Amino acid sequence: MSDNLLFPAKPTVSAEIHNSDKRFPVNRIFCVGRNYLAHAIEMGTTVDKTSMEPFYFLKDNSALIPSGSTIPYPPMTSNFHYEMEFVVAIDKPGFNVSEDQADDIVFGYACGLDMTRRDLQQKGKDGGKPWDFGKNFENAAVLSTIYPKSQIGVISQGPIELRVNGATKQSSDLNMLIWNVREVIADLSKYYHLEPGDLIYTGTPEGVGPVIAGDKIEGSIAKLGGIELTIKK
Ligand code: MN
(Lines give C-alpha, C1' and ligand atoms only; values in the text may rest on other atoms or scores of the structure.)
Protein backbone atom coordinates (compact mmCIF):
# COMPACT_ATOMS: atom_id res chain seq x y z
CA MET A 1 0.00 0.00 0.00
CA SER A 2 2.77 2.42 0.85
CA ASP A 3 5.53 1.02 -1.36
CA ASN A 4 5.13 3.94 -3.77
CA LEU A 5 6.03 6.69 -1.28
CA LEU A 6 8.50 9.17 -2.77
CA PHE A 7 10.72 8.89 0.31
CA PRO A 8 10.36 6.80 3.47
CA ALA A 9 7.65 8.03 5.85
CA LYS A 10 8.77 8.87 9.36
CA PRO A 11 8.37 6.07 11.88
CA THR A 12 5.39 6.19 14.23
CA VAL A 13 6.05 8.29 17.32
CA SER A 14 5.35 6.30 20.49
CA ALA A 15 5.76 6.42 24.25
CA GLU A 16 6.75 3.89 26.90
CA ILE A 17 3.99 2.33 29.02
CA HIS A 18 4.66 1.47 32.66
CA ASN A 19 4.83 -2.29 33.35
CA SER A 20 4.16 -3.18 29.72
CA ASP A 21 6.08 -4.37 26.66
CA LYS A 22 3.67 -2.41 24.47
CA ARG A 23 4.18 1.20 23.43
CA PHE A 24 1.57 3.97 23.11
CA PRO A 25 1.45 5.35 19.53
CA VAL A 26 1.09 9.13 19.72
CA ASN A 27 -1.39 10.88 17.44
CA ARG A 28 -2.12 14.55 18.17
CA ILE A 29 -0.85 16.67 21.06
CA PHE A 30 -3.44 19.09 22.48
CA CYS A 31 -2.38 21.60 25.12
CA VAL A 32 -4.63 23.61 27.42
CA GLY A 33 -3.65 27.26 27.98
CA ARG A 34 -4.02 29.01 31.37
CA ASN A 35 -5.52 26.21 33.43
CA TYR A 36 -4.14 27.23 36.84
CA LEU A 37 -5.23 30.64 38.16
CA ALA A 38 -1.87 31.51 39.73
CA HIS A 39 -0.11 30.85 36.40
CA ALA A 40 -2.64 32.96 34.48
CA ILE A 41 -1.95 35.79 36.93
CA GLU A 42 1.84 35.49 36.61
CA MET A 43 1.37 35.76 32.83
CA GLY A 44 -0.42 39.07 33.35
CA THR A 45 -3.99 37.88 32.85
CA THR A 46 -6.71 36.08 34.78
CA VAL A 47 -9.39 33.44 34.30
CA ASP A 48 -13.07 33.63 35.27
CA LYS A 49 -14.52 30.18 34.77
CA THR A 50 -18.09 31.51 34.95
CA SER A 51 -17.63 33.67 31.86
CA MET A 52 -14.71 32.07 29.99
CA GLU A 53 -14.05 28.82 28.16
CA PRO A 54 -10.79 26.88 28.08
CA PHE A 55 -8.56 27.43 25.06
CA TYR A 56 -6.01 25.24 23.39
CA PHE A 57 -3.04 25.03 21.10
CA LEU A 58 -1.47 22.01 19.46
CA LYS A 59 1.99 20.58 18.98
CA ASP A 60 3.03 18.18 16.23
CA ASN A 61 3.87 14.69 17.44
CA SER A 62 7.29 15.24 15.85
CA ALA A 63 7.95 17.66 18.75
CA LEU A 64 7.75 14.73 21.18
CA ILE A 65 10.82 13.45 23.01
CA PRO A 66 11.09 11.02 25.91
CA SER A 67 11.98 11.86 29.48
CA GLY A 68 15.71 11.59 30.10
CA SER A 69 16.64 13.32 26.86
CA THR A 70 19.38 15.92 26.46
CA ILE A 71 18.40 18.61 23.97
CA PRO A 72 20.21 21.56 22.42
CA TYR A 73 19.09 25.08 23.41
CA PRO A 74 16.56 25.82 20.64
CA PRO A 75 17.09 28.37 17.88
CA MET A 76 15.65 31.89 17.63
CA THR A 77 14.96 32.34 21.35
CA SER A 78 16.71 33.82 24.35
CA ASN A 79 13.93 32.95 26.81
CA PHE A 80 13.40 29.18 26.77
CA HIS A 81 10.93 28.17 29.52
CA TYR A 82 9.83 24.98 31.26
CA GLU A 83 6.16 24.25 31.99
CA MET A 84 5.45 21.16 34.08
CA GLU A 85 2.16 19.52 33.10
CA PHE A 86 -0.15 16.59 33.84
CA VAL A 87 -0.74 14.68 30.60
CA VAL A 88 -3.79 12.57 29.74
CA ALA A 89 -3.46 9.78 27.15
CA ILE A 90 -6.57 8.87 25.14
CA ASP A 91 -7.10 5.36 23.73
CA LYS A 92 -10.70 5.44 22.47
CA PRO A 93 -12.56 7.63 20.01
CA GLY A 94 -14.68 10.37 21.55
CA PHE A 95 -16.90 13.14 20.19
CA ASN A 96 -19.24 15.23 22.34
CA VAL A 97 -18.16 13.16 25.32
CA SER A 98 -20.03 13.91 28.54
CA GLU A 99 -18.10 14.64 31.72
CA ASP A 100 -19.52 11.43 33.20
CA GLN A 101 -18.09 9.36 30.35
CA ALA A 102 -14.81 11.21 29.96
CA ASP A 103 -12.75 8.78 32.06
CA ASP A 104 -13.85 5.93 29.77
CA ILE A 105 -11.67 7.20 26.89
CA VAL A 106 -8.61 7.77 29.10
CA PHE A 107 -5.90 5.13 28.84
CA GLY A 108 -3.61 6.67 31.42
CA TYR A 109 -1.51 9.58 32.60
CA ALA A 110 2.01 10.92 32.31
CA CYS A 111 4.28 13.79 33.29
CA GLY A 112 4.93 16.29 30.50
CA LEU A 113 7.03 19.36 29.85
CA ASP A 114 5.46 21.97 27.57
CA MET A 115 8.77 23.60 26.59
CA THR A 116 8.17 27.13 25.36
CA ARG A 117 10.07 29.84 23.48
CA ARG A 118 8.47 32.50 25.69
CA ASP A 119 9.79 35.44 23.69
CA LEU A 120 8.30 34.09 20.47
CA GLN A 121 5.01 33.27 22.21
CA GLN A 122 4.91 36.84 23.58
CA LYS A 123 5.66 38.25 20.14
CA GLY A 124 2.68 36.30 18.81
CA LYS A 125 0.40 37.53 21.62
CA ASP A 126 1.52 41.14 21.13
CA GLY A 127 0.85 41.04 17.43
CA GLY A 128 -2.41 39.11 17.66
CA LYS A 129 -0.64 36.33 15.78
CA PRO A 130 -0.43 32.55 16.35
CA TRP A 131 1.53 30.96 19.18
CA ASP A 132 2.92 28.17 17.01
CA PHE A 133 6.55 29.28 16.83
CA GLY A 134 6.62 29.75 20.60
CA LYS A 135 5.07 26.38 21.36
CA ASN A 136 5.44 23.94 18.47
CA PHE A 137 9.05 23.20 17.57
CA GLU A 138 11.54 20.36 17.81
CA ASN A 139 11.88 18.77 21.29
CA ALA A 140 9.14 21.02 22.72
CA ALA A 141 6.92 18.21 24.05
CA VAL A 142 8.69 16.06 26.64
CA LEU A 143 6.82 12.99 27.85
CA SER A 144 7.43 10.47 30.63
CA THR A 145 6.37 6.85 30.78
CA ILE A 146 2.57 6.57 30.59
CA TYR A 147 0.94 5.01 33.66
CA PRO A 148 -2.23 3.11 32.69
CA LYS A 149 -5.43 4.02 34.51
CA SER A 150 -5.96 0.26 34.86
CA GLN A 151 -2.85 0.13 37.08
CA ILE A 152 -3.18 3.32 39.15
CA GLY A 153 -6.85 4.35 38.92
CA VAL A 154 -8.34 7.71 37.95
CA ILE A 155 -6.07 10.60 38.94
CA SER A 156 -7.65 13.96 39.82
CA GLN A 157 -5.45 15.32 42.61
CA GLY A 158 -1.97 15.14 44.04
CA PRO A 159 1.22 17.21 44.00
CA ILE A 160 2.76 18.48 40.75
CA GLU A 161 6.31 19.79 41.10
CA LEU A 162 9.30 20.88 39.05
CA ARG A 163 12.92 21.50 40.03
CA VAL A 164 15.78 23.07 38.09
CA ASN A 165 19.25 21.97 39.20
CA GLY A 166 17.64 20.73 42.43
CA ALA A 167 15.85 23.99 43.31
CA THR A 168 12.04 23.85 43.45
CA LYS A 169 10.45 26.17 40.90
CA GLN A 170 6.89 24.87 40.55
CA SER A 171 4.81 23.28 43.31
CA SER A 172 1.05 22.92 43.14
CA ASP A 173 -1.68 20.29 43.17
CA LEU A 174 -3.74 18.83 40.33
CA ASN A 175 -6.85 19.86 42.28
CA MET A 176 -5.94 23.46 41.39
CA LEU A 177 -6.77 22.86 37.70
CA ILE A 178 -9.43 25.39 36.67
CA TRP A 179 -10.91 22.94 34.17
CA ASN A 180 -10.33 19.38 35.40
CA VAL A 181 -9.64 16.40 33.14
CA ARG A 182 -13.31 15.48 32.69
CA GLU A 183 -14.27 19.07 31.86
CA VAL A 184 -11.38 19.41 29.39
CA ILE A 185 -12.30 16.18 27.57
CA ALA A 186 -15.98 17.19 27.42
CA ASP A 187 -15.08 20.62 26.05
CA LEU A 188 -12.33 19.59 23.63
CA SER A 189 -14.46 16.78 22.20
CA LYS A 190 -17.04 19.34 21.06
CA TYR A 191 -14.43 20.70 18.64
CA TYR A 192 -12.52 17.57 17.65
CA HIS A 193 -13.26 13.90 17.22
CA LEU A 194 -10.76 12.65 19.79
CA GLU A 195 -8.84 9.62 18.60
CA PRO A 196 -6.79 6.84 20.16
CA GLY A 197 -3.25 8.14 20.58
CA ASP A 198 -4.23 11.74 21.33
CA LEU A 199 -2.45 13.37 24.26
CA ILE A 200 -3.76 16.31 26.28
CA TYR A 201 -1.23 18.48 28.16
CA THR A 202 -3.53 20.00 30.78
CA GLY A 203 -1.67 23.23 31.56
CA THR A 204 1.06 24.38 33.93
CA PRO A 205 0.93 25.76 37.47
CA GLU A 206 2.66 28.96 38.55
CA GLY A 207 6.44 29.31 38.72
CA VAL A 208 7.40 29.02 35.06
CA GLY A 209 10.80 30.36 34.17
CA PRO A 210 13.83 30.15 31.90
CA VAL A 211 16.52 27.51 31.58
CA ILE A 212 19.98 27.88 30.10
CA ALA A 213 22.55 25.54 28.62
CA GLY A 214 23.64 22.94 31.15
CA ASP A 215 20.48 23.07 33.27
CA LYS A 216 18.76 19.90 34.44
CA ILE A 217 14.98 19.88 34.84
CA GLU A 218 13.25 17.28 37.02
CA GLY A 219 9.51 17.05 37.58
CA SER A 220 7.12 14.76 39.39
CA ILE A 221 3.41 14.18 39.79
CA ALA A 222 1.77 11.99 42.44
CA LYS A 223 1.81 8.29 41.53
CA LEU A 224 3.38 8.97 38.12
CA GLY A 225 7.08 8.72 38.76
CA GLY A 226 8.99 11.58 37.24
CA ILE A 227 10.32 13.34 34.18
CA GLU A 228 13.77 14.68 33.36
CA LEU A 229 15.25 16.93 30.72
CA THR A 230 18.77 18.29 30.31
CA ILE A 231 19.73 21.31 28.22
CA LYS A 232 23.00 20.57 26.44
CA LYS A 233 26.06 22.60 27.49
MN1 MN B 1 1.54 24.82 28.90
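Residues numbered from 1 in each chain as written. Predicted model: local features only at pLDDT ≥ 70, side-chain atom pairs only at ≥ 80, totals over all residues. Heavy atoms only, no water.

Caption draft 1: A look at the coordination of the manganese ion. Bound to the manganese ion on the protein side are E83 (OE), E85 (OE) and D114 (OD), at distances that span 2.0 to 2.1 Å. Along the chain, the residues donating to the manganese ion fall in the pattern E-x1-E-x28-D. Here D114 lies in strand 9 (residues 106–114) and E85 lies in strand 8 (residues 84–90), a separation of 29 residues in the sequence. Each of the two residues, E85 as well as D114, counts as buried. (Donors = N, O, S within 2.8 Å, 3.2 Å for Na, K, Ca; no water. Helix = DSSP H or I, 4+ residues; strand = E, 2+ residues; numbered from the N terminus. Buried < 20%, exposed > 50% of the residue type's maximum accessible area, 1.4 Å probe, protein only.)

Caption draft 2: How the structure looks around helix 5 (residues 181–191). Burial within helix 5 is extensive, with eight of its 11 residues counted as buried. Every buried residue of helix 5 is listed here: V181, E183, V184, I185, A186, D187, L188 and S189. Along its buried surface, helix 5 packs onto strand 3 (29–33), strand 4 (55–59), strand 8, strand 9 and strand 15 (199–201). N-cap assignment for helix 5: the residue whose side-chain oxygen lies 3.1 Å from the backbone N of R182 is N180. (Contact = heavy atoms within 4.5 Å. Polar contact = N/O pair within 3.5 Å; in protein donor to acceptor, adjacent residues only side chain to side chain.)

Caption draft 3: Expanded view of helix 2 (residues 118–126). Inspection of helix 2 places R118, L120, Q121 and G124 among the buried residues, and these make up the whole buried set. Buried positions in helix 2, seen along its axis, are confined to an arc of 165° and lie on one side of it. Across from the buried face of helix 2, at angles greater than 90 degrees, the exposed residues are K123 and D126. In the core, the buried residues of helix 2 are packed alongside strand 7 (80–82), strand 10 (116–117) and helix 3 (132–135). Positive backbone phi, at 60°, marks G128, one or two positions downstream of helix 2. (Arc of directions from axis to C-beta.)

Caption draft 4: Broad picture of the pairing of strand 18 (residues 226–231). The two faces of strand 18 differ: I227, L229 and I231 on one face are buried, but G226, E228 and T230 on the other face are not. With five bridges joining them, strand 17 (residues 216–221) and strand 18 adopt antiparallel strand pairing. Residue pairing in the sheet places S220 in a bridge with G226 of strand 18. Between strand 17 and strand 18, which pair antiparallel and follow one another directly, the connecting turn spans four residues, one of which, K223, has a positive phi of 70°. (Pairing = 2+ DSSP bridges.)

Caption draft 5: Quick peek at the pattern of salt bridges. One pass over the full model with this rule turns up 11 salt bridges. For E83, the salt bridge is made with R118, and the minimal N-O distance between the two is 2.8 Å. Placement of E83 in the loop between strand 7 and strand 8 and of R118 in helix 2 is noted, with a sequence separation of 35 residues between them. When its relative accessible area of 6% is taken as the criterion, R118 is described as buried. The salt bridge involving K135 is made with E83; its shortest N-O contact spans 3.2 Å. Of this pair, K135 sits in helix 3 while E83 is found in the loop between strand 7 and strand 8, placing the two residues 52 residues apart along the sequence. Look at K135 and you get buried, because its relative accessible area is 2%. Overall, E83 belongs to the buried group, its relative accessible area being 4%. Within the structure, one salt-bridge network assembled from shared partners comprises K59, E83, D114, R118 and K135. (Salt bridge = Lys/Arg side-chain N within 4 Å of Asp/Glu carboxyl O.)

Caption draft 6: Inspection of the sheet that holds strand 7 at higher detail. Pairing within the open sheet is antiparallel, and its three strands lie in the order 10-7-16. Of all strands in the sheet, those bounded by a partner on one side alone are strand 10 and strand 16 (209–210). Looking at chain direction, strand 7 and strand 10 are connected through two bridges and run antiparallel. Pairing of H81 across the sheet is with T116, part of strand 10.

None of the figures reported here should be taken as evidence of function without further support.
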